[in-house]
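Chain by chain, the residues:
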Amino acid sequence: DTEVTQTPKHLVMGMTNKKSLKCEQHMGHRAMYWYKQKAKKPPELMFVYSYEKLSINESVPSRFSPECPNSSLLNLHLHALQPEDSALYLCASSHKTGVRSGANVLTFGAGSRLTVL
Amino acid sequence: LAKTTQPISMDSYEGQEVNITCSHNNIATNDYITWYQQFPSQGPRFIIQGYKTKVTNEVASLFIPADRKSSTLSLPRVSLSDTAVYYCLVGEGNQGGKLIFGQGTELSVKP
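Residues numbered from 1 in each chain as written. Chains lettered and ligands numbered in written order. Predicted model: local features only at pLDDT ≥ 70, side-chain atom pairs only at ≥ 80, totals over all residues. Heavy atoms only, no water.

1. So, the layout of surface pockets
Of the volumes computed, that of the largest pocket is approximately 540 Å³. Lining the largest pocket are 21 residues, and of these K40 and K41 of chain A together with V85, Y87 and E106 of chain B sit closest to its centre. Along the lines of polarity and charge, the residues of the lining of the largest pocket split into nine nonpolar, seven polar and five charged. Taken as a whole, the second largest pocket encloses approximately 340 Å³ of empty space. (1 Å grid on protein atoms, 1.4 Å probe; cavity = no way out; pocket = protein on both sides within 12 Å on 5 of 7 lines; lining within 4 Å. Points joined across faces, edges and corners; volume = space filled by probe spheres on them. Nonpolar A, V, L, I, M, F, W, Y, C, P; charged D, E, K, R; others polar.)

Structure representation (structure tokens):
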């Protein structure tokens, strides 16, 4: 299995709703990432987990709450979002590599398209 | 983190070779250079990665000069299906490292 699977593909939610985005990989990767991408813009890094621990938080508002229950799963819990949070949310994973054999290569999922009304 | 600069857009015709250059003047000793391709409403897809000199795989070549302050992605004989956004990333080799996307180059291939 060489894929990162994200669910749901599309999500519409109101500003008072609580929802979650899910990401799963079975490649044995020990680093997992959340990126946010607005239309015609590059992906923006949100969070990085390494060995199931949060290692990077790019000053993301607390209405986004990441969770890594185990080495294969990554969730992004959403609460009290704003319309400007509407975007494509991308999950990625990467594996440990040595300097000689290559470097941190990300495998991305297809994304979850979020619309906040 | 080394910032990357790429042309915003490029046009080409089918069958031509396309070269996209990325500037990364502040690249660090431990940084690798990685290129990704992204189609609309899909996640980015890894194309090629290098540290120095030249790297070639089945889809592209990557040229990196000795000073490593720039790199050039070369796509041989492009087709319409190569129309996409191409991103150059520079970052450490450690898993879980911070990888920041630049603005990307929107390549349009015409018949």
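2. Quick notes on the sheet that holds strand β7 (residues 70-75) of chain B
All names here are of chain B. Pairing within the open sheet is antiparallel, and its four strands lie in the order β2-β7-β6-β5. One side of each edge strand has no neighbouring strand; the edge strands of this open sheet are β2 (18-23) and β5 (53-56). In this sheet, adjacent strand axes meet at a mean angle of 15° when their direction is disregarded. Across three bridges, strand β6 (residues 61-64) lies against β7 in antiparallel orientation. Looking at β7, one finds that F63 is bridged to T72. (Pairing = 2+ DSSP bridges. Helix = DSSP H or I, 4+ residues; strand = E, 2+ residues; numbered from the N terminus. Axes fitted to C-alpha atoms, helices over the stretch in contact; angles between N-to-C directions.)

3. Notes on the confidence of the model for chain B
Residues at a pLDDT of 70 or more form 95% of chain B, whose mean pLDDT is 92. For chain B, per-element mean pLDDT is lowest for strand β8 (residues 84-92) of chain B, which scores 91, and highest for strand β9 (residues 105-110) of chain B, which scores 98. (pLDDT = per-residue confidence, 0-100.)

4. A short note on the pattern of salt bridges
Oppositely charged side chains may form a pair once their charged atoms are brought near each other. Inspection of the entire model under this criterion finds five salt bridges over all chains. Across the pair R63 of chain A and D85 of chain A runs a salt bridge whose closest N-O atoms are separated by 2.7 Å. Here R63 of chain A is found in the loop between β6 (53-57) and β7 (64-70), whereas its partner D85 of chain A is found in the loop between β8 (73-79) and β9 (87-94), with 22 residues between them in sequence. One salt bridge connects K110 of chain B with D11 of chain B, and the closest N-O pair in it is separated by 3.7 Å. (Salt bridge = Lys/Arg side-chain N within 4 Å of Asp/Glu carboxyl O.)

5. Comments concerning the state of the cysteines
The full count for this structure, using the stated rule, is two disulfides over all chains. Disulfide pairing is shown between C23 of chain A and C91 of chain A; the S-S distance is 1.9 Å. Judged by the sign of its S-S torsion, about -70°, the bond between C23 of chain A and C91 of chain A is left-handed. Of this pair, C23 of chain A sits in strand β3 (residues 18-25) while C91 of chain A sits in strand β9, placing them 68 residues apart in sequence. The same class applies to C23 of chain A and to C91 of chain A, which are both buried. Residue C22 of chain B pairs covalently with C88 of chain B via a disulfide, S to S 2.3 Å. Residues C22 of chain B and C88 of chain B are joined through a disulfide that is left-handed, its torsion about the S-S bond being -80°. Of this pair, C22 of chain B sits in strand β2 while C88 of chain B sits in strand β8, and the two are 66 residues apart along the sequence. Residue C22 of chain B is classed as buried on the basis of its relative accessible area of 0%. Take C68 of chain A: it sits in no disulfide, and the sulfur closest to it among the cysteines is that of C91 of chain A, at 9.2 Å. Given a relative accessible area of 13%, C68 of chain A falls into the buried group. (Disulfide = S-S within 2.5 Å. Buried < 20%, exposed > 50% of the residue type's maximum accessible area, 1.4 Å probe, protein only.)

6. A look at the nonpolar core
Of all hydrophobic cores here, the largest spans 22 residues; its most connected members are W34, F64, L76 and L78 of chain A. Discounting residues that sit within four places of it in the chain, F64 of chain A has contacts with M46, F47, L76, H77, L78, L81, D85 and Y89 of chain A. Judged by nonpolar contacts, the second largest core, of 20 residues, contains I27, I33, A84 and V90 of chain B. (Core = buried A, V, L, I, M, F, W, Y, C linked by side-chain atoms within 4.5 Å. Contact = heavy atoms within 4.5 Å.)

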